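# Residue-level structural notes
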Amino acid sequence: MAPRKKIKIAIDGPAGSGKSSTAKRVAEELGYLFLDSGAMYRSVTFLVLRDGADPHDPDASRAAAQKARFRFKRDDRGERVILNGEDVTDVIRTPLVTNNIAPVAANPAVREILVKKQRALGKNGGIVAEGRDIGTVVFCDAELKVFLMASIDERTKRRARELRARGIPVDFDRLLHDMKRRDQSDSTREHGALKIAPDAVHIDTSELTLDEQVAFVVEQARKRGA
Ligand code: DC
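Residues numbered from 1 in each chain as written. Predicted model: local features only at pLDDT ≥ 70, side-chain atom pairs only at ≥ 80, totals over all residues. Heavy atoms only, no water.

## Details of the layout of surface pockets
In plain terms, the rule: Every definition here rests on a 1 Å grid over the protein atoms only: cavities are sets of points where a 1.4 Å probe fits but cannot get out, pockets are open sets enclosed by protein on both sides within 12 Å along at least five of seven lines, and lining residues have some atom within 4 Å of a point. Grid points are joined across faces, edges and corners, and a volume is the space filled by probe spheres set on the points. Ten residues, namely Ala, Val, Leu, Ile, Met, Phe, Trp, Tyr, Cys and Pro, are considered nonpolar, four, namely Asp, Glu, Lys and Arg, are considered charged, and the remaining ones, Gly among them, are considered polar. Here a strand is any run of E in DSSP of at least two residues, a helix any run of H or I of at least four, and the numbering for each starts at the N terminus.
Of the volumes computed, that of the largest pocket is approximately 1,000 Å³. Tallied by class, the residues present in the lining of the largest pocket amount to 11 nonpolar, 15 polar and 24 charged. Space inside the second largest pocket adds up to approximately 290 Å³. Every residue lining the second largest pocket is counted, 19 residues in all, and those nearest its centre are Pro95, Thr98, Leu163, Leu175 and Asp178. Only helix 4 (95-98), helix 8 (152-165) and helix 9 (172-188) provide two or more residues apiece to the lining of the second largest pocket.

Structural data, given as structure tokens:
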């Protein structure tokens, strides 16, 4: 049997399409690094807000991106995001952070800094990275690109379950409205917009279980030598 390669796997899609859960499990099965690029944009937004700065101020968000040092680790609570030595895994997922990401993620200087960090993490392959621009910008050379989709209702239901599981109260209609707004800003920003790479494999996850999604991506990865 040919030796297994350490390929790059890019998983993109809108919020709630199942990217994180799929990418995490695929990374575990293949023994690869899992990279949650959204956690980086969330962390920079968190730093800006904590400094009392305005997320619309491009200099403030660029400075926050420059001072952000990331470490990703897996412990008995799952994947943890360590920002400048502090565990921010939970706080970066609060609605306050989520609702202020758009101007930070639209800032080209922030994107340039974070894309560089993402490429550095993936330089030796053996990575499953998920986000919006992984297959189109960050790892254009990824051996496997996957685009995950699901209906807006299904995605909002999933996000509501996730937030409730964290003890965050949810108003479904409000969340649906926020998800639509986020879809809009994710797909229309000038830099790093959510686009489907022409060579991506599409998966509609509305009717699939997580196990089925994971099995499909792992099978595609194996076909490419992983
Ligand atoms: O995947 P997520 O919901 O945690 O991402 C949070 C936000 O970060 C998302 O609304 C847009 C931004 N993002 C981005 O601009 N580029 C990425 N590669 C990943 C996320």
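## Here's the deal with helix 2 (residues 37-50)
For clarity, the cut-off: The span expected for a helix works out to 1.5 Å for each residue beyond the first. The cut-offs for exposure are 20% and 50% of the maximum accessible area for each residue type, with area from a 1.4 Å probe on protein chains only; residues under the lower value are buried, those over the upper are exposed, and the others partly exposed. Here a polar contact is recorded for every N or O atom pair within 3.5 Å, except that within protein the pair must consist of a potential hydrogen donor and a potential acceptor, and residues adjacent in sequence are included only if both atoms are side-chain atoms.
In a regular helix each residue adds 1.5 Å, so 14 residues correspond to 20 Å; helix 2 covers 20 Å between its end C-alpha atoms and thus fits that length. Most of helix 2 is tucked away: 11 of the 14 residues are buried. Within helix 2, the full set of buried residues consists of Ser37, Ala39, Met40, Tyr41, Arg42, Ser43, Val44, Thr45, Phe46, Leu47 and Val48. A side-chain oxygen of the first residue of helix 2 lies 3.2 Å from the backbone nitrogen of Gly38; this N-cap is Asp36. Gly52 lies just past helix 2 and shows a positive phi near 75 degrees.

## Some thoughts on the site of the ligand
So the rule is basically this: By convention in this text, a residue qualifies as near a molecule or strand provided that one of its non-hydrogen atoms is within 4 Å of it. Note that accessible areas follow from Shrake-Rupley with a 1.4 Å probe, and for residues the cover is restricted to the protein chains shown. Criterion for pocket placement: a molecule counts as inside a cavity or pocket if more than half of its atoms are within 2 Å of its grid points.
For the ligand, the set of nearby residues contains 15 residues, the closest of which are Arg42, Arg111, Asp133, Arg182 and Arg189. The side chain of Asp186 places a nitrogen or oxygen atom 3.2 Å from an oxygen atom of the ligand. With the chains in place, 97% of the 450 Å² that the ligand exposes on its own is no longer accessible. With respect to the detected pockets, the ligand is housed in the largest pocket.

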